[in-house]
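# Structure assessment
These are the residues of each chain, in order.
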Amino acid sequence: MKTATQSWIASANDASCDFPLQNLPYGVFRHRDETHIGIAIGDLILDLHACAESGLFSSLTVEARDACRADRLNPLMSLGPAAWTSLRHRVTALLADDSPEQSSIEPNLVPMREAVMQLPAHIGDYTDFYASIHHATRIGQLFRPESPLLPNYKHLPIGYHGRSSSIVVSGESIRRPSGQIKSNQAASPIFGPTHALDYELEVGIFVGPGNLLGHSIPIAEAEQHVFGLCLLNDWSARDIQSWEYQPLGPFLAKNFATTISPWIVTLEALAPYRAAAPARPDQDPAPLPYLSPPSTACHGMDITLEVYLSSSEMRQTGHEPVRMSRANMRDLYWTVPQLLAHHTCNGCNLRPGDLIGTGTISGPETGSEGCMLEMKSNPSPITLPTGEARTFLEDGDQVVFRAYAQSSGLPRIGFGECRGTIAS
Ligand code: MN
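Residues numbered from 1 in each chain as written. Predicted model: local features only at pLDDT ≥ 70, side-chain atom pairs only at ≥ 80, totals over all residues. Heavy atoms only, no water.

## Let's talk about the pairing of strand β12 (residues 201–207)
This is how the line gets drawn: For every residue, the accessible area (1.4 Å probe, protein chains only) is compared with the maximum for its type, and the residue is labelled buried under 20%, exposed over 50%, or partly exposed between those bounds. A helix here means a DSSP run of H or I that spans at least four residues, while a strand means a run of E at least two residues long, and both kinds are numbered starting from the N terminus. Any two strands are treated as partners once DSSP identifies two or more bridges connecting them.
A large share of β12 lies buried, amounting to seven of its seven residues. Of the two faces of β12, the one holding L201, V203, I205 and V207 and the one holding E202, G204 and F206 are both buried throughout. Of the strand pairs in this sheet, β12 and strand β13 (residues 226–233) are connected by seven bridges, and their pairing is antiparallel. The residue bridging I205 from the neighbouring strand is L229, located in β13. Of the strand pairs in this sheet, β12 and strand β21 (residues 355–357) are connected by three bridges, and their pairing is antiparallel. Opposite F206, over in β21, you have L355 as the bridge partner.

In structure tokens:
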């Protein structure tokens, strides 16, 4: 059997396109007053609702067809890997260059520029981890230079429960939060707008089938509970955070907004681009059995992540955005299966559509810091092409995350963008 690698949709075959036939990420879009589930292909969206209605999915189960008619992804997420694989095979066949059904598909394609992307799922719960040892070490050095990592870091993935109601989709503007701020010199706090607004470069993990309360997810089965990945910006007010965080962790410094990218890239799409999980240094403790995967061969995610910043003045004067960071998800100390196994080891239940953030993803070298706070100890301050200086985000600043996976002999697959502008 011939394996098609190109689509009859020309824009999907452009090497610079995030959405070739090998990707097929899921999202929810609004077009002509209707909200439908779609799959990105080139610069178009395949309307899954329309496909189900027009009989193109008659080979799928009733449950899968019903899930394609929903206006959010939770029903499809709940069906699990076998249903996702069947749907992916069908959509691949419809969009491949040897598809005999081009004329029936064409009416079900919507130009991306005419659609407004929505949150992809009802997010019942949102958890954020702290899985990058490079991020944790740099932040720790700012506060505890003598012992940057706390004693628990290498034994368990640190996390906190975030707030799902303030998660917004890429493109929504972010209001600068106010809160209690106390400088080291001041005797007491003041109330006012944050002067230390930061982004955090993260990957979001969307949960597929959940687990029952009181039952845990074994690490060997964890990936069967992952629907896919998106980009996530955990906006953070550092001055509010430093005063409020002890002893219970982040609260108002982070729950004012979290931005996610609208397209969810599935683990099946990412499979050919996987990498070995990072080897732990010999002196590090071995993970406990419930956190030890049966194999670390393809446990990691080789995904390149980038942060771009533009000020309002840069955009007005025609400057390109500045790249602030380039990091890779494979450098995380804790992998996706370890995060899920740990989250549920006490019987805590995950549900379809729950969102889990990895925590800020940073690499070991300068130029791979996943947030501005980490850059504070760099010798040269951040200067933009307009001459403007930055320590933290100013009003009008726009932050864009991008990500892609690549492997020789295969087209690059991308995540689209996660964009947010600080309201001015
Ligand atoms: Mn975070």
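That was the structure; now back to the text.
## Quick notes on the coordination of the manganese ion
In plain terms, the rule: Think of the donor list as every N, O and S atom within 2.8 Å of the metal, or within 3.2 Å for Na, K and Ca; water never makes the list, so a site can look incomplete.
Distances from the manganese ion to its protein donors, namely D128 (OD), E200 (OE), E202 (OE) and D234 (OD), fall within the range 2.1 to 2.3 Å. On the primary sequence, the residues serving as donors to the manganese ion are separated as D-x71-E-x1-E-x31-D. Note that D128 is positioned in strand β6 (residues 126–129) and E202 in strand β12, a separation of 74 residues in sequence. Judged on exposure class, the residue D128 and its partner E202 are both buried.

## Remarks on the packing of aromatic side chains
Threshold: For Phe, Tyr and Trp, rings pair up if their centres lie within 6.5 Å, where Trp contributes its six-membered ring, and each pair is then called stacked (planes under 30 degrees apart), edge-to-face (over 60) or tilted (otherwise). Note on geometry: a ring has a charge over it if NZ (lysine) or CZ (arginine) is within 6 Å of the ring centre and within 35 degrees of the ring normal.
Under the definition given, this model contains seven aromatic pairs. Ring geometry for W84 against F227: centres 5.1 Å apart, planes inclined by 85°, an arrangement best described as edge-to-face. Residue W84 is found in helix α4 (residues 81–95), and its partner F227 is found in strand β13; the two are separated by 143 residues along the sequence. Residue classification places F227 among the buried residues on the basis of a relative accessible area of 1%. In this structure an aromatic cluster arises from ring pairing among Y130, Y153, Y333 and W334. A cation over a ring is seen here: R280 above W334, with NZ or CZ 4.4 Å from the ring centre.

## A short note on the pattern of salt bridges
The test is simple: A pair is scored as a salt bridge if a Lys or Arg side-chain nitrogen falls within 4 Å of a carboxyl oxygen belonging to Asp or Glu.
Taken as a whole, this structure holds 19 salt bridges when the rule is applied. Here E374 ties to R138 by a salt bridge, and the two come within 2.4 Å at their closest N and O atoms. One end of the pair, E374, is in the loop between β21 and β22 (382–383); the other, R138, is in helix α6 (residues 133–143), with 236 residues separating them in the sequence. Take E374: its relative accessible area is 1%, and that puts it in the buried class. The shortest N-O distance in the salt bridge between E417 and R419 comes to 2.5 Å. Residues participating in the shared-partner salt-bridge network are D198, E200, D234, R238 and K254.

## Side note on the sheet that holds strand β5 (residues 116–117)
Pairing is antiparallel across the open sheet formed by five strands, whose spatial order is β4-β3-β2-β1-β5. Both outer strands of the open sheet, β4 (109–111) and β5, are each paired with one neighbouring strand and no more. Bridge count for strand β1 (residues 26–31) against β5 is two bridges, and the pairing is antiparallel. Along β5, the bridge assignment pairs F29 with M117.

## What to know about the domain arrangement of the protein chain
Test applied: What counts as a domain boundary in this text is fixed by an automatic or database domain assignment. Here, residues are in contact when the closest pair of their heavy atoms is within 4.5 Å.
One can read the domain layout of the protein chain as domain 1 (10–118) and domain 2 (126–421). The C-alpha centroid of domain 2 is placed 29 Å from the C-alpha centroid of domain 1. Each partner contributes to the interface: domain 1 provides 26 residues, whereas domain 2 provides 24 residues. Linking domain 1 to domain 2 there are one salt bridge.

## Here's the deal with the nonpolar core
The tendency in soluble globular proteins is for nonpolar side chains to be buried as a group. Quick reminder of the rule: Buried Ala, Val, Leu, Ile, Met, Phe, Trp, Tyr and Cys residues form a nonpolar core when they are joined through side-chain atoms within 4.5 Å.
Ranked by internal contacts, the top residues of the largest apolar core, which has 62 residues, are Y199, L229, L270, I303, L305, M329 and L393. One finds V28, W84, I105 and Y126 within the second-largest nonpolar core, a separate group that totals 45 residues.

## Regarding the layout of surface pockets
What counts, and what does not: With a 1 Å grid laid over protein atoms only, a set of points is called a cavity when a 1.4 Å probe fits there but cannot get out and a pocket when it is open yet has protein on both sides within 12 Å along at least five of seven lines; lining residues have an atom within 4 Å of a point. Grid points are joined across faces, edges and corners, and a volume is the space filled by probe spheres set on the points.
In this structure, the largest pocket encloses a volume near 1,200 Å³. Along the walls of the largest pocket sit 45 residues, with Y130, I139, F143, Q241 and Y245 positioned nearest its centre. Breaking the lining of the largest pocket down by element, the ones donating at least two residues are β6, α6, β7 (159–161) and α7 (238–244). Of all the elements, α6 adds the most residues to the lining of the largest pocket, at six residues.

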